[in-house]
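Summary of structural features
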Amino acid sequence: PVLYLEERLVVKHGGHDDQLSNKFPAMDRFRIQALRDILSSGSLSEVESDAARRTLRQKVAIYAAGARKRGKHAEADAIESSYPS
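Treat the numbers as computed from the prediction; the structure is a model and nothing was measured. (Residues numbered from 1 in each chain as written. Predicted model: local features only at pLDDT ≥ 70, side-chain atom pairs only at ≥ 80, totals over all residues. Heavy atoms only, no water.)

Quick notes on the overall build of the chain
In terms of helices and strands, the chain carries 4 helices and 0 strands. Ordered by position from N to C terminus, the α and β elements of the chain give α-α-α-α. Here the chain holds 85 residues, and 18% of them are scored as buried. Considering only contacts in the chain between residues 6 or more positions apart, those separated by 24 or more positions represent 37%. Carbon and sulfur atoms make up 54% of the accessible area of the chain, which amounts to about 7100 Å² in all. (Helix = DSSP H or I, 4+ residues; strand = E, 2+ residues; numbered from the N terminus. Buried < 20%, exposed > 50% of the residue type's maximum accessible area, 1.4 Å probe, protein only. Contact = heavy atoms within 4.5 Å. Areas by Shrake-Rupley, 256 points an atom, 1.4 Å probe, with all protein chains shown as cover.)

A few points about helix H3 (residues 46-69)
The first and last C-alpha atoms of H3 sit 35 Å apart over 24 residues, in line with the 34 Å expected at 1.5 Å per residue. Three or more residues of H3 are buried, namely Ser49, Ala52, Leu56, Val60, Tyr63, Ala64, Gly66 and Ala67. Those residues of H3 that are buried lie in contact with helix H2 (28-41) and helix H4 (73-82). In the stretch just after H3, Gly71 is the one whose phi turns positive, near 80 degrees. (Expected span 1.5 Å × (residues − 1).)

Describing the packing of aromatic side chains
Summed over the entire model, instances satisfying the criterion amount to 0 aromatic pairs. Between Arg29 and the ring centre of Phe30, over which it is positioned, the NZ or CZ distance is 5.7 Å. (Phe/Tyr/Trp six-rings, centres within 6.5 Å; stacked < 30°, edge-to-face > 60°. Lys NZ or Arg CZ within 6 Å of the ring centre and 35° of its normal.)

Thoughts on a positive patch on the surface
Together, Arg29, Lys69, Arg70 and Lys72 line one region of the surface with positive charge. Along the chain, the position of Lys69 falls in helix H3. Classification of Lys69 as exposed rests on a relative accessible area of 70%. (Patch = residues over 30% accessible without salt bridge, like charges linked within 9 Å, V, L, I, M, F, W, Y side chains within 5 Å. Salt bridge = Lys/Arg side-chain N within 4 Å of Asp/Glu carboxyl O. Lys, Arg positive; Asp, Glu negative; His and termini not counted. Charge placed at Lys NZ, Arg CZ, Asp CG, Glu CD.)

With respect to the pattern of salt bridges
Two side chains bearing opposite charge may form a pair once their charged atoms approach each other closely. Evaluated as defined, the whole model comprises 4 salt bridges. Of the charged contacts in the structure, one is a salt bridge between Asp50 and Arg53, with a shortest N-O distance of 2.6 Å. Placement of the pair is Asp50 and Arg53 together in helix H3, with a separation of 3 residues, close to one helical turn. Judged by its relative accessible area of 30%, Asp50 falls in the partly exposed class. Residue Arg68 is joined to Asp77 by a salt bridge in which the shortest nitrogen-to-oxygen separation is 2.5 Å. Residue classification places Arg68 among the partly exposed positions, given a relative accessible area of 29%.

What follows is the structure, given as structure tokens:
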């Protein structure tokens, strides 16, 4: 059985100097490229391809939102036009 506890058992911390996202800015670029590569490989089933496309759309949206937040509107527009929803 699964129970709900009011007590917090996990604490998540972010922004540490040793995080990969600090070493490699905009890591979603790598995720987007990996998803694109696997989709073009033809090795996924239809269900897997659908899931990968949904994830790709999510990653593109995250990347574009981050680019816009930093004033990089042309970059956001370019990534969105490369991977339309």
